[in-house]
Amino acid sequence: MPRAGLDRPTVGALALEVVDEGGPTGFTDLTLSAVAARAGVAVPSLYKHVGGLHELRLDVAATCVADFAHALAAARDTAARNGTDPAHALRAMAHATRSYALTRPGRYQAVQGAGWPSDPGAQAVRDAALRAVDALAGAVAAVGVPPERQIDAVRAFRAGLHGFVALELGGGFGMPQDVDASFHYLVDLLIAGLTAQR
């Protein structure tokens, strides 16, 4: 008999709590036993609500990717309201990416998951990811990247940002110089590279 009030959305919310408390490896370390312990039930009780760990991870990933896509779109929209330089949107989205990664590292790890393009159960994740890609594609288009290079530009921009925040989350910046200044420098370089390709 499932615990009173336990349903699929509640199991997903408990899983997100586990991910949040797990830091940068929170998504990888997510287990059914951790969720069951938080719910106060035995692991088999979770199977009344989710089909297993893979399905739960997909639910969590879909939530995290949708949340991340929303953060990007909100940053873009705020930048568009506050200035006319189209590069402001890319800068705002870069800072939104880093902020999301630093404040929600487990969820950021979920955003970076692999295998979704070929997973038939991952449609919700793919739909959310497409919203994030569309937000970035619109921003790179606005700085003059031609349509045939926009996916390349999105991938390059994303890869640069992810490399930086992954190093930062892993404690890879041990020099005393200001990490914020280094991030600004990276973003400026990425935008300069994109605009040079017009």
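Here, the structure is the one placed above.
Residues numbered from 1 in each chain as written. Predicted model: local features only at pLDDT ≥ 70, side-chain atom pairs only at ≥ 80, totals over all residues. Heavy atoms only, no water.

Caption draft 1: Fine view of the environment of Ile191. Among the structural elements, Ile191 can be located in helix 9 (residues 179-196). Counting along the chain gives 48 residues from Ile191 to Val143, while the straight-line C-alpha distance between them is 8.5 Å. For Ile191, the residues in contact, after removing those within four places along its chain, are Ala87, Leu90, Arg91 and Phe157. (Helix = DSSP H or I, 4+ residues; strand = E, 2+ residues; numbered from the N terminus. Contact = heavy atoms within 4.5 Å.)

Caption draft 2: A look at the packing of aromatic side chains. For the structure on display, the rule yields four aromatic pairs. When the centroid spacing of 6.4 Å and the interplanar angle of 75 degrees are considered together, the rings of Phe68 and Tyr108 count as edge-to-face. In this pair, Phe68 is assigned in helix 4 (residues 53-82) and Tyr108 in helix 6 (residues 105-111), connecting sequence segments 40 residues apart. The same class applies to Phe68 as to Tyr108, namely buried. Where Phe164 meets Phe173, the ring centres are 4.7 Å apart and the plane angle is 45 degrees; that geometry is what we call tilted. Aromatic ring contacts, followed pair by pair, group Phe68, Tyr100 and Tyr108 into a single cluster. Arg98 extends its terminal NZ or CZ atom over the ring of Phe183, reaching a point 5.0 Å from the ring centre. (Phe/Tyr/Trp six-rings, centres within 6.5 Å; stacked < 30°, edge-to-face > 60°. Buried < 20%, exposed > 50% of the residue type's maximum accessible area, 1.4 Å probe, protein only. Lys NZ or Arg CZ within 6 Å of the ring centre and 35° of its normal.)

Caption draft 3: A look at the nonpolar core. Grouped together as the largest cluster of nonpolar side chains are 63 residues, with contacts concentrated most on Val35 and Phe157. Elements represented by at least two residues in this core include exactly helix 1 (8-21), helix 2 (32-39), helix 4, helix 5 (87-103), helix 6, helix 7 (123-142), helix 8 (150-169) and helix 9. Looking at this core, the element that brings in the most residues is helix 4, giving twelve residues. (Core = buried A, V, L, I, M, F, W, Y, C linked by side-chain atoms within 4.5 Å.)

Caption draft 4: Representation of the side chain of Gln109 within the structure. Structurally, the position occupied by Gln109 is in helix 6. At 2.9 Å, the side chain of Gln109 and the backbone nitrogen of Phe27 are in polar contact. With residues near it in sequence (within four places) discarded, Gln109 still touches Pro24, Thr25, Gly26, Phe27 and Thr28. (Polar contact = N/O pair within 3.5 Å; in protein donor to acceptor, adjacent residues only side chain to side chain.)

Caption draft 5: A look at the pattern of salt bridges. For the structure on display, the rule yields eleven salt bridges. The salt bridge partner of Arg8 is Asp59, with a shortest N-O separation of 2.9 Å. Taken together, the positions of Arg8 in helix 1 and Asp59 in helix 4 put the pair 51 residues apart, joining distant regions of the chain. Given the relative accessible area of 34%, Arg8 is considered partly exposed. For Asp59, a relative accessible area of 24% corresponds to the partly exposed category. For the salt bridge of Arg98 with Glu168, the shortest nitrogen-to-oxygen distance reads 2.8 Å. Linking Arg98 in helix 5 with Glu168 in helix 8, this pair joins segments that are 70 residues apart in sequence. (Salt bridge = Lys/Arg side-chain N within 4 Å of Asp/Glu carboxyl O.)

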